[in-house]
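Coordinate inspection notes
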Amino acid sequence: MEDMALHRAHMRAALRQARLAADEDEVPVGAAIYRDGHLIAQAHNQVEQLKDATAHAEMIALTQAAAAVGDWRLTDAVLYVTKEPCPMCAGAIVLARLPLVIWGLTDPLRGGAVSRFQILQSDALNHRTEFIADVLAEECAALVQQFFTTRRRNP
C-alpha cells in the first residue's frame, strides 16, 4: 500500500508535465524518472514545438536521465508516464534497461508496452521491463479526453 501511495505521488509529477504539454497544444503526455526516490528527469511531449516525431515525453526524459546519471543504462531508475508508451518509446525503455515503468492511461489501440505490442516483456529482446498500469488512470484519461474534445471543437 505504501508503494502505491509513492507511485501516485510520483505520477503527479508526470501529470504536471502532461498539463504543460496541453498548455503548449501538444498531446498531453508527461514523464518523470526517479532514482533512489529522487526526481532525475521530467519532460512532456514536444513533437509539434520541436517538429520532431521522436520528441515524446519518454524519449526526452530518458535522454535527461542518462545525462543526469552519466550512463545510458538506467538500471536503477523508474519511469512514470501518463500514457502507456508507444512502440518507439517502449523500445527505448527496454534498451535503457529500465527495470520498471508505471503508467496511468492504458492505450489499447496504440500501446507499445503491453496492449497492441508487448515490447516490454518480449522474449526477442535482451531485457524485460516490469510495469504497473493504471496509476491515476482517471486523471490521466481525463486530461487526454479534454485535450482531444477541445481540439475537435477548435480545429
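The model shown is predicted, which means the values in this text are computed figures rather than measured ones. Along every chain, residues carry numbers that run from 1 in the direction the sequence is written. Only residues with pLDDT of 70 or above have their local features reported here, since the model is predicted, and side-chain atom pairs are shown and tallied only from 80 upward, although totals for entire chains, interfaces and linings are computed over all residues. Only hydrogens and water are removed before side-chain values are computed, so all heavy atoms of the structure are retained for them.

Digging into the nonpolar core
Here, nonpolar core means buried Ala, Val, Leu, Ile, Met, Phe, Trp, Tyr and Cys residues that are tied together by side-chain atoms lying within 4.5 Å of each other. The buried label applies to any residue whose accessible area, calculated with a 1.4 Å probe on protein chains only, is under 20% of its type's maximum; exposed applies above 50%, and partly exposed to all values in between. Ile-33, Leu-62, Leu-74, Leu-79, Ile-93, Leu-98 and Leu-120 are the most contacted members of the largest nonpolar core, which has 26 residues in total. Strands are runs of DSSP state E lasting at least 2 residues, helices are runs of H or I lasting at least 4, and numbering of each runs from the N terminus. Elements that contribute at least two residues to this core include exactly β1 (30-35), β2 (38-44), α3 (57-69), β3 (77-83), α4 (87-95) and β4 (100-105). Sort the elements by how many residues they give to this core and α3 lands first, with 5 residues. Here, two residues are considered to be in contact whenever any of their heavy atoms come within 4.5 Å of each other. In contact with Ile-93, other than residues within four places in its own chain, are Leu-62, Leu-79, Pro-85, Leu-98, Val-101, Leu-120 and Thr-129. Among the nonpolar cores identified, the runner-up in size contains 15 residues, and Met-11, Ala-13, Tyr-34 and Leu-143 belong to it.

A word on unusual backbone geometry
Backbone geometry at Asp-36 places phi at a positive 55 degrees, although glycine is not the residue there. Here Asp-36 is to be found in the loop between β1 and β2. On the accessibility criterion, Asp-36 (63% relative accessible area) is exposed. Positive phi outside glycine occurs at Asp-134, with the angle close to 70 degrees.

Remarks on the packing of aromatic side chains
Think of it this way: a Phe, Tyr or Trp ring, Trp meaning its six-membered ring, pairs with another when their centres are within 6.5 Å, and the plane angle makes it stacked under 30 degrees, edge-to-face over 60, tilted otherwise. This structure, assessed with the given rule, holds 3 aromatic pairs. Aromatic pair Tyr-34 and Tyr-80: ring centres 5.7 Å apart, planes at 85 degrees, arrangement edge-to-face. Here Tyr-80 lies in strand β3 and Tyr-34 lies in strand β1, a separation of 46 residues in the sequence. You'll find Tyr-34 and Tyr-80 in the same group, each marked buried. Measuring from centroid to centroid gives 5.3 Å for Trp-103 and Phe-131, while their planes differ by 10 degrees, and the two rings are stacked. Of this pair, Trp-103 sits in strand β4 while Phe-131 is found in strand β5 (residues 130-132), placing the two residues 28 residues apart along the sequence.

Coordinates in, geometry out; function isn't part of it.
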